[in-house]
Amino acid sequence: MISLNGKVAVVTGAARGLGQGIAIKLASLGAHVVVSDMNQEGAEMTVSQILEKGYSAEIKICNVADKDEARLLIEDTAKKHGKLDILVNNAGINRDSLLHKMNHEQWDAVIGVNLTGVFNTMQPASAIMREQENGRIVNISSASWLGNVGQANYAAAKAGVVGITKTAARELGRKNVTCNAICPGFIDTDMTRGVPDKVWDLMISKIPMGRAGKPEDVANCIAFLVSDQASYINGEVINVGGGMVL
Ligand SMILES: NC(=O)c1ccc[n+]([C@@H]2O[C@H](COP(=O)([O-])OP(=O)(O)OC[C@H]3O[C@@H](n4cnc5c(N)ncnc54)[C@H](O)[C@@H]3O)[C@@H](O)[C@H]2O)c1
């Protein structure tokens, strides 16, 4: 049985979708969860759901693409609670377009949130976790890091997330800090509900399990990775996709 009693966790992009599922799961296992997002209303709903169940959470509004806001999110949390045990970098966006039509706004927006946003929280978090000689970082990459039509910006950012994850694993391992990445396959959230029906059906046809994943499917894997049971798993890139990528 996994217990996160007494742990302090930050989850970015936790107003809805995967982030919401992750925040609720970690809180249900005993962690105090800092629910962070740009979307205040959604973040408040996540916090209410956690508190209603008798678990512990607070809200911190933060645009992870802004380095000062991201630094404050991490440093204020550590200052207030005296430590930061867990960081889950989940916030992400997509701005899909074929490469020959993709403009720089689409490129910059996705790189800014999905890659620079991860650096923006990991940089201050790694300083804190090194110092306390304890920590768990999980970054949400994507099965698309291997390349996906219409997602040059997204794939590049998510491949970058794999790179920063493996680098952090090498740099921080001796300090008892692990860093791993999850590659969700096709999970039923607002992000994927945005695709045309034809694309939805095509994606499902590629999944051996014949269904889209649920946020809980990803959250369960993260709960294990941030627990004491996973203390020797470091620098891994784990697919949670029902066998979509084999
Ligand atoms: N849904 C999938 O199938 C799937 C597959 C692979 C990877 N992912 C990744 O999982 C993560 C979550 O995806 P989702 O499907 O839940 O998406 P979603 O769009 O439903 O939720 C994303 C959340 O991130 C927040 N966010 C966006 N930009 C932000 C910023 N700059 N700062 C802070 N918060 C911000 C949004 O407000 C939203 O609450 C993303 O990184 C996404 O790339 C999702």
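Cut-off values and rules
Residues numbered from 1 in each chain as written. Predicted model: local features only at pLDDT ≥ 70, side-chain atom pairs only at ≥ 80, totals over all residues. Helix = DSSP H or I, 4+ residues; strand = E, 2+ residues; numbered from the N terminus. Rg over C-alpha atoms; globule rule 2.2 N^0.38 Å. Buried ≥ 20, exposed ≤ 12 C-beta atoms within 10 Å, placed from the backbone. Contact = placed C-beta atoms within 7 Å. Near = placed C-beta within 6 Å. Pairing = 2+ DSSP bridges. Axes fitted to C-alpha atoms, helices over the stretch in contact; angles between N-to-C directions. Right-handed = clockwise from strand over helix to strand, strands pointing away. Parallel < 35°, antiparallel > 145°, perpendicular 65-115°, else oblique. Left-handed = near helix turned anticlockwise from the far one by under 90°. Expected span 1.5 Å × (residues − 1). Core = buried A, V, L, I, M, F, W, Y, C linked by C-beta atoms within 7 Å.

This part covers the overall build of the chain. Counting secondary structure elements, the chain contains eight helices and seven strands. The C-alpha radius of gyration of the chain comes to 17 Å, within 12% of the 18 Å expected for a compact globule of 246 residues. Reported as C-alpha extents along the three principal axes, the dimensions of the chain are approximately 50 × 35 × 35 Å. Every one of the 246 residues in the chain was classed for burial, and the buried ones make up 46%. Taking contacts inside the chain between residues at least 6 apart in sequence as the whole, the part at least 24 apart equals 74%.

Around the ligand there are 30 residues in total, and G13, G17, G92, T189 and M191 lie nearest to it. Among the secondary structure elements, those contributing two or more residues to the shell around the ligand are α1 (17-28), α4 (104-132) and α6 (190-193).

Before going further, it helps to examine the sheet that holds strand β1 (residues 8-12). Within the open sheet, the seven strands sit side by side as β3-β2-β1-β4-β5-β6-β7. Their pairing is parallel. Every interior strand has two partners, whereas the edge strands, β3 (56-61) and β7 (237-240), have only one. The average undirected angle you get between the axes of adjacent strands in this sheet is 20°. In this structure, strand β2 (residues 32-37) lies alongside β3, joined through six bridges in parallel fashion. Bridging from a neighbouring strand, D37 pairs with I61 of β3. Across the sheet, helix α2 (residues 40-52) lies against β2 and β3, angled at about 170° from β3, the strand it touches most. Lying on the sheet, helix α3 (residues 67-81) is in contact with β1, β2 and β3; it crosses β1 at an angle near 160°.

So, about the pairing of β2. Here is the key point about a regular strand: its side chains alternate between the two faces of the sheet. Summarising burial for β2: six of the six residues are buried, a large majority. Residues H32, V34 and S36 line one face of β2 and the alternating positions V33, V35 and D37 line the opposite face, and both faces are buried. Relative to β2, β1 runs parallel, the two sharing five bridges. In the sheet register, V8 faces β2, and the bridge partner there is H32. For the crossover that starts at β1, traverses α1 and ends in the parallel β2, the hand is right-handed.

Along the chain, K206 turns up in the loop between α7 (197-205) and α8 (215-225). Between the C-alpha atom of K206 and that of F186, which follows or precedes it by 20 residues, the distance is 9.7 Å.

Our next topic: the packing of α1 against α8. Close contact between α1 and α8 brings their axes to 8 Å; oriented N to C, the two are set at 50°. Here α1 is positioned oblique relative to α8, judged by the angle of their axes. Pair α1 / α8 crosses with right-handed handedness. Contacts from G17, L18, Q20, G21, I22, K25 and L26 of α1 reach α8 at P215, E216, V218, A219, N220, I222 and A223.

Turning to α3, a few remarks are in order. Look at α3: 21 Å from first C-alpha to last across 15 residues, which is about the 21 Å you get at 1.5 Å a residue. Of the surrounding elements, those touching the buried residues of α3 are β1, β2, β3 and α4. Among the residues trailing α3, G82 stands out with phi positive, at a value near 80°.

Moving on, we come to the nonpolar core. Of all hydrophobic cores here, the largest spans 69 residues; its most connected members are A9, V11, I22, A23, L26, V33 and I222. Apart from the residues within four sequence positions on either side, I22 is in contact with V11, A14, V88, N90, V218, A219 and I222.

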